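Single-letter residue listing:
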Amino acid sequence: MAAALRPLFRVASIGPAARSSFLLQQQLLSGVGIQCHCKVMRNVSSRRKTDHLERTINNFRQEMIAEAKVCGIVYESETVKRLRLVVMNKDFAFKAGQWVDFFIPGISKVGGFSICSSPGLLERESVVELAVKYSKHPPAHWIHTQCNIGSEVTLRVGGDFFFDPRPSDSPVDLLLVAGGVGINPLYSILLHIADLHRLQETKHCNYKPGSVQLYFSAKNTEELLFKRNIINLAKEFSGKISCHFHVTQQSSEEIPEELLPYVTVGRISEDTLAHVSKDNLCYICGPPPMIESVSQQLEKLGVPKENIIFEKWW
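Definitions and cut-offs
- In every chain, residue numbers begin from 1 and rise along the written sequence.
- Totals for whole chains, interfaces and linings use all residues, but because this is a predicted model, local features are given only for residues with pLDDT of at least 70 and pairs of side-chain atoms are given and counted only at 80 or more.
- By convention in this description, side-chain values take in all heavy atoms of the structure and omit both hydrogens and water.
- One side-chain nitrogen of Lys or Arg within 4 Å of one carboxyl oxygen of Asp or Glu is enough to make a salt bridge.
- By the criteria applied, helices consist of DSSP H or I runs no shorter than four residues and strands consist of E runs no shorter than two, each listed in order from the N terminus.
- Between buried and exposed lies partly exposed: a residue is buried under 20% and exposed over 50% of the maximum accessible area for its type, with that area taken using a 1.4 Å probe on protein chains only.
- Among the buried residues, those of types Ala, Val, Leu, Ile, Met, Phe, Trp, Tyr and Cys that are joined through side-chain atoms within 4.5 Å form a nonpolar core.
- We treat two strands as partners when DSSP finds at least two bridges between them.
- Axis definition: a line fitted to C-alpha atoms, limited for helices to the stretch in contact. Angles are taken between N-to-C directions and run from 0 to 180 degrees.
- Nitrogen and oxygen atoms within 3.5 Å of one another constitute a polar contact, given that in protein one can donate a hydrogen and the other can accept it, and given that sequence-neighbouring residues count only through two side-chain atoms.
- When checking whether two residues touch, look at their non-hydrogen atoms; a contact exists if any pair is within 4.5 Å.
- In this scheme, a helix's expected span is set at 1.5 Å multiplied by one less than its residue total.
- Only Phe, Tyr and Trp rings take part, Trp by its six-membered ring, and two of them pair if their centres are within 6.5 Å. Stacked means planes under 30 degrees apart, edge-to-face means over 60, and tilted covers everything else.

**Re the pattern of salt bridges**
And then number 1: For the coordinates displayed, the defined rule picks out 14 salt bridges.
And then number 2: Among the salt bridges present, the one from Arg 61 reaches Asp 101, with a minimum N-O distance of 2.7 Å. Separated by 40 residues along the polypeptide, Arg 61 in the loop between α2 (52–55) and β1 (66–75) and Asp 101 in strand β3 (residues 99–103) bring together distant segments of the chain. Residue Arg 61 shares its accessibility class with Asp 101, and that shared class is buried.
And then number 3: Residue Lys 69 is joined to Glu 152 by a salt bridge in which the shortest nitrogen-to-oxygen separation is 3.8 Å. Separated by 83 residues along the polypeptide, Lys 69 in strand β1 and Glu 152 in strand β6 (residues 152–158) bring together distant segments of the chain.
And then number 4: Note on Lys 69: relative accessible area 30%, which makes it partly exposed.

Quick look at the structure:
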C-alpha cells in the first residue's frame, strides 16, 4: 500500500559554493525521468555499485534543491554519526523511507543517505536527520572528519521506497526487516507510524495505522542503531509496535542485561518469520544477500511479491 508519489516540483536557490558541484552532477542525471515506481524493481543486480548516482539513476528524484545547515551531531555507535540538519526551504518535504542526494561544497562526489527521522519532525522543527557510517567514500569521510555544527550542504529528496498512506487507505500491518545501517529508512517509517498513532489518538489523523513488527539484525548490540528509542516506542505503543533484535557476532553472555529480552543470537531465519501473515506489507533494507534471503523466505510463507518492498544500498 505504498501510496503513489505526489511530488511538488519546485527549485530552490543554492549557495554559490555548492552550485558548481550540483551542476556537474546534474549533467550526469540529465535524462532521468520523473516517472516513479513505488516498488524497487526485482531485477536489480547485486553487483556492487559504489557510486550513489549510478545506483539510483532510475529512481525518482524531486527537482527541488534545498539548503541545509548542520545543527547537531551525535555518535550512534563507534562507526555511525547522526547529523541533525535544519532545512532552510519551507517547501522541502519527503516521505518516510526516502533518501537525499547530499551535496557538499568543494566535493564533486554526491552522497546518498537515507533519512532516519520522521516527516513529522521536519514539519515541527524544520529538521531532518541522517545516520552515516564511516567509510573512505568522500561524502561519508567528510561527515566523519570535517563536518561541524554550522556546516552548510544542499539536499535533494529521492527514492521509490517509502510508506505514505492516504487518509482514505485501509489499515495495513507492516513488517520491517533491517540489516545493519539498512535500519535508517525503516526507522523513519517506524517514527512516522508512531506519529500517526499519536495524531489518531488526538483525532488529528483520519488514517488508522495497523501494527508494526520490526526485525533488526546487526553484528552486535553496539551496531543496533536507535535501539533504546525503538524499545521505548514498543513500550509506548504496546500491542501496536513490537521490536526483535538479532546479533550475528556476539554471544548471549556479552549482551547487556537490559537488552536481553529483546535480542536473539543468530540471523533472521524462516522460523523467525513463520508467523508473518500473507496480508502484511513487508519492507526490507540491508545488504543484497540478506534482502534476497528474506524475500525468498517471505515468498515461501505465502506473502505475495507485490507485498515485498525492498531497497538495496550496497
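**Details of the nonpolar core**
And then number 1: Counting 44 residues, the largest nonpolar core has Leu 174, Ile 183, Ile 189 and Tyr 283 as its most contacted members.
And then number 2: Sorting elements by how many residues they give to this core places helix α5 (residues 183–201) first, with 9 residues.
And then number 3: Val 70, Ile 107, Leu 122 and Val 132 belong to the second largest nonpolar core, which has 26 residues in total.

**A short note on the sheet that holds strand β12 (residues 308–312)**
And then number 1: The strand order β10-β9-β8-β7-β11-β12 describes an open sheet built from 6 strands, whose pairing is parallel. Each of the sheet's edge strands pairs with one partner strand only, and the pair in question is β10 (263–265) and β12. In this sheet, adjacent strand axes meet at a mean angle of 15 degrees when their direction is disregarded.
And then number 2: Relative to β10, strand β9 (residues 241–247) runs parallel, the two being bridged by 3 bridges. For His 246, the partnering residue across the bridge sits in β10 and is Thr 264.

**Regarding the pairing of β6**
And then number 1: The buried fraction of β6 amounts to 6 of the 7 residues, a majority that puts the element mostly inside the structure.
And then number 2: Both β1 and β6 contribute to a ladder of 4 bridges, which runs antiparallel. From the neighbouring strand, Glu 67 faces β6, where its bridge partner is Thr 154.
And then number 3: In terms of strand pairing, β3 meets β6 through 5 bridges, oriented antiparallel. Its bridge partner lying in β6, Asp 101 is registered against Arg 156.

**What to know about the pairing of β1**
It is a general feature of regular strands that their side chains alternate between the two faces of the sheet.
And then number 1: In this structure, β1 lies alongside strand β2 (residues 80–87), joined through 7 bridges in antiparallel fashion. Within β2, the residue paired with Tyr 75 across the bridge is Lys 81.

**Overview of the side chain of Arg 82**
And then number 1: With respect to the element layout, Arg 82 can be found in strand β2.
And then number 2: Separated by 3.1 Å, the side chains of Arg 82 and Glu 129 make a polar contact.
And then number 3: Once residues lying within four places of it in the same chain are set aside, the contact partners of Arg 82 are Gly 72, Ile 73, Val 74, Glu 76, Cys 116, Glu 129, Leu 130, Ala 131 and Phe 226.

**Comments concerning helix α7 (residues 288–300)**
And then number 1: With 13 residues, α7 ought to run about 18 Å at 1.5 Å a step, and its terminal C-alpha atoms sit 18 Å apart, in line with that.
And then number 2: Those residues of α7 not exposed but buried are Pro 288, Met 290, Ile 291, Val 294, Ser 295, Gln 297 and Leu 298.
And then number 3: Buried residues in α7 make contact with β7 (174–179), β11 (281–286) and β12.
And then number 4: Trailing α7 by a residue or two, Gly 302 shows a phi angle of about 95 degrees, which is positive.

**A closer look at the packing of aromatic side chains**
And then number 1: A complete count under the given rule lists 6 aromatic pairs for this structure.
And then number 2: Plain terms: the ring middles of Phe 102 and Phe 113 are 5.4 Å apart, the flat faces sit at 70 degrees to each other, and that makes the pair edge-to-face. Here Phe 102, found in strand β3, pairs with Phe 113, found in strand β4 (residues 111–114); they are 11 residues apart in sequence, far enough to count as distant.
And then number 3: Pairing Phe 163 with Tyr 283 gives two aromatic rings, centres 6.3 Å apart and planes at 85 degrees, and the pair type is edge-to-face. Of this pair, Phe 163 sits in the loop between β6 and β7 while Tyr 283 is found in strand β11, placing the two residues 120 residues apart along the sequence. Here Phe 163 matches Tyr 283 in class, with each residue buried.
And then number 4: Through a chain of ring-to-ring contacts, three or more aromatic side chains come together here, namely Phe 102, Phe 113 and Trp 142.

**Considering the environment of Leu 190**
And then number 1: Tracing the backbone shows Leu 190 in helix α5.
And then number 2: A sequence separation of 51 residues divides Leu 190 from Ile 241, and the C-alpha atoms of the two residues are 8.5 Å apart.

Keep in mind these numbers describe shape, not what the thing actually does.
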